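Tertiary structure, described
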Amino acid sequence: MPNKDKTAQLKAALNERILILDGAMGTMIQEYKFSEEDYRGERFADWHVLIKGNNDLLSLTQPEVIATIHRNYLRAGADIIETNTFNSTTISMEDYEMAHLSREINLESAKLARQVCDEVTALEPHKPRFVAGVLGPTSKTCSISPDVNDPGYRNITFDALVEAYIESTLALMEGGVDIILIETIFDTLNAKAASFAVEEAFEQAGRVLPVMISGTITDASGRTLSGQTTEAFYNSIRHIKPISIGLNCALGPDLLRQYVEELSRVCETYTSVHPNAGLPNEFGEYDLEAPEMATEIIDWGKCGFINIVGGCCGTTPAHIKAFAQGLATVAPRPLPELEVRMRLSGLEACNLN
């Protein structure tokens, strides 16, 4: 199907109902309890560094498992599934000395998600499904020094981020994604690099896809790691004109609620949210079960806060099924008509008449 048709379908679906994003990929992978050898497979049996935990590599070494996870989320009611590419930039892959595999992992992950998405859509053609190609925040931050003794030091440059994101975006597009999702942004400058790269990739590819951007409120301070409030983050990236702006990760739905409400008030486009299943316990696990989490998510819908909702760390197909069932008859958030103002931002928002 031509890309423009999928974009039109996506916009039509957003106006009809609250769309369901999938849940956590990492949580589902952990259930398989893969060993180092499972991660390596035959191809990387002799790799010179440990690679257990490189979940994105499983798109190459355990593709049937990744396909099964995608399929289970779609069957649970997800309208949008995310590619298994959260750490697939050259920058993050360098942690495993696999930067040269970045393009291949993005390409194969996109193809895998596309195949499963089309398979499920064929069974229910009245309900189109979409593939979001994920660009994660990378393991570096462009705004903050990693050395407390040298505040001016940076371990990554804007240009290096752009180069990495262009490669990943082009591979995701070649693999057949419908949407580009820039997610879990803790540093707004990283998001700007990703957005600039995506625009460059679109120009190189000669076509444009819808872009979703999702930031992260890191703690109860209500700010991103680089210090911005929700509205300031929104003001910083609204010029990119993504199809949706949202929040994900870090917090459970109870703590995230006030920031979701704030975003719904200030955002002129569609909103997206995919929170964690609560905060991690002493074992690093997430305890918020599907019915309890769905109660909060459904209330967000009824209060008119959301257009797209899914789950981040700790969520499973059971969570997504509960969201989908509970929101099936709830109307999506209508787009507000905001007055024209000069909307600026530093760490705080500054809106001028």
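Since we're looking at a predicted model, the values are computed, not measured.

Section: the overall build of the protein chain
Looking only at helices and strands, the protein chain has 13 helices and 10 strands in total. Computed over the C-alpha atoms, the radius of gyration of the protein chain is 19 Å, within 12% of the 20 Å expected from 2.2 N^0.38 for a compact globule of 353 residues. For the protein chain, with 353 residues in total, the buried portion stands at 57%. Look at the contacts in the protein chain between residues 6 or more apart in sequence, and 76% of them connect residues 24 or more apart.

Thoughts on a nonpolar patch on the surface
Residues M342, L344 and L352 make up a contiguous nonpolar surface patch of roughly 260 Å² in combined accessible area. Position of M342 relative to the elements: it lies in strand β9 (residues 342-345). Look at M342 and you get partly exposed, because its relative accessible area is 48%.

Section: the packing of helix α11 (residues 253-266) against helix α12 (residues 290-302)
It is the contact of α11 with α12, at a shortest axis distance of 10 Å, that shows an interaxial angle of 10 degrees. One finds that α11 runs roughly parallel with respect to α12. Counted together, P253, D254, L256, R257 and V260 of α11 and M293, E296, I297, D299 and W300 of α12 form the full contact between these two elements. Residue composition of the contact of α11 with α12, by class: six nonpolar, no polar and four charged.

Examining the sheet that holds strand β7 (residues 270-274)
Within a sheet, neighbouring strands are paired by backbone hydrogen bonds and run either parallel or antiparallel to one another. Read from one edge of the open sheet, eight strands run β1-β8-β7-β6-β5-β4-β3-β2, paired in parallel fashion. Unpaired on one side and paired on the other, β1 (19-20) and β2 (80-82) mark the two borders of the sheet. Pairing between strand β5 (residues 211-215) and strand β6 (residues 244-248): four bridges, direction parallel. Looking at the pairing, S214 lines up with G246 of β6. Sitting on the sheet, α11 touches β6 and β7, and the angle it makes with β6 is about 170 degrees.

Observations regarding the side chain of R71
Mapped onto the secondary structure, R71 falls in helix α5 (residues 63-76). Residues in contact with R71, not counting those within four places in the same chain, are V116, E119 and V120.

Overview of the packing of helix α10 (residues 230-237) against α11
Across the interface, α10 lies against α11 with an axial gap of 9 Å and an inter-helix angle of 40 degrees. By the angle between their directions, the pair α10 and α11 is classed as oblique. When the axes of α10 and α11 are compared, the crossing they make is right-handed. Touching T230, E231 and Y234 of α10 are Y259, E262, L263, R265 and V266, all from α11. Its residues assigned to classes, the contact of α10 with α11 comprises four nonpolar, one polar and three charged.

Structural notes on the pairing of strand β10 (residues 349-352)
Of the strand pairs in this sheet, β9 and β10 are connected by four bridges, and their pairing is antiparallel. The residue bridging M342 from the neighbouring strand is L352, located in β10. The turn linking β9 back onto β10 is made up of three residues.

Section: the environment of C350
With respect to the element layout, C350 can be found in strand β10. Filtering out sequence-adjacent residues up to four positions away, C350 remains in contact with N235, M342, R343 and L344.

With respect to the side chain of T169
Within the fold, T169 resides in helix α8 (residues 158-175). Overall, T169 belongs to the buried group, its relative accessible area being 0%. Those residues in contact with T169 that lie beyond four places of it in its chain are L135, I180, V198 and A201.

Conventions adopted
- Residues numbered from 1 in each chain as written.
- Predicted model: local features only at pLDDT ≥ 70, side-chain atom pairs only at ≥ 80, totals over all residues.
- Heavy atoms only, no water.
- Helix = DSSP H or I, 4+ residues; strand = E, 2+ residues; numbered from the N terminus.
- Rg over C-alpha atoms; globule rule 2.2 N^0.38 Å.
- Buried < 20%, exposed > 50% of the residue type's maximum accessible area, 1.4 Å probe, protein only.
- Contact = heavy atoms within 4.5 Å.
- Patch = residues over 30% accessible without salt bridge, like charges linked within 9 Å, V, L, I, M, F, W, Y side chains within 5 Å.
- Areas by Shrake-Rupley, 256 points an atom, 1.4 Å probe, with all protein chains shown as cover.
- Salt bridge = Lys/Arg side-chain N within 4 Å of Asp/Glu carboxyl O.
- Axes fitted to C-alpha atoms, helices over the stretch in contact; angles between N-to-C directions.
- Parallel < 35°, antiparallel > 145°, perpendicular 65-115°, else oblique.
- Nonpolar A, V, L, I, M, F, W, Y, C, P; charged D, E, K, R; others polar.
- Pairing = 2+ DSSP bridges.
- Left-handed = near helix turned anticlockwise from the far one by under 90°.

Interpretation in functional terms is not warranted from these geometric data alone.
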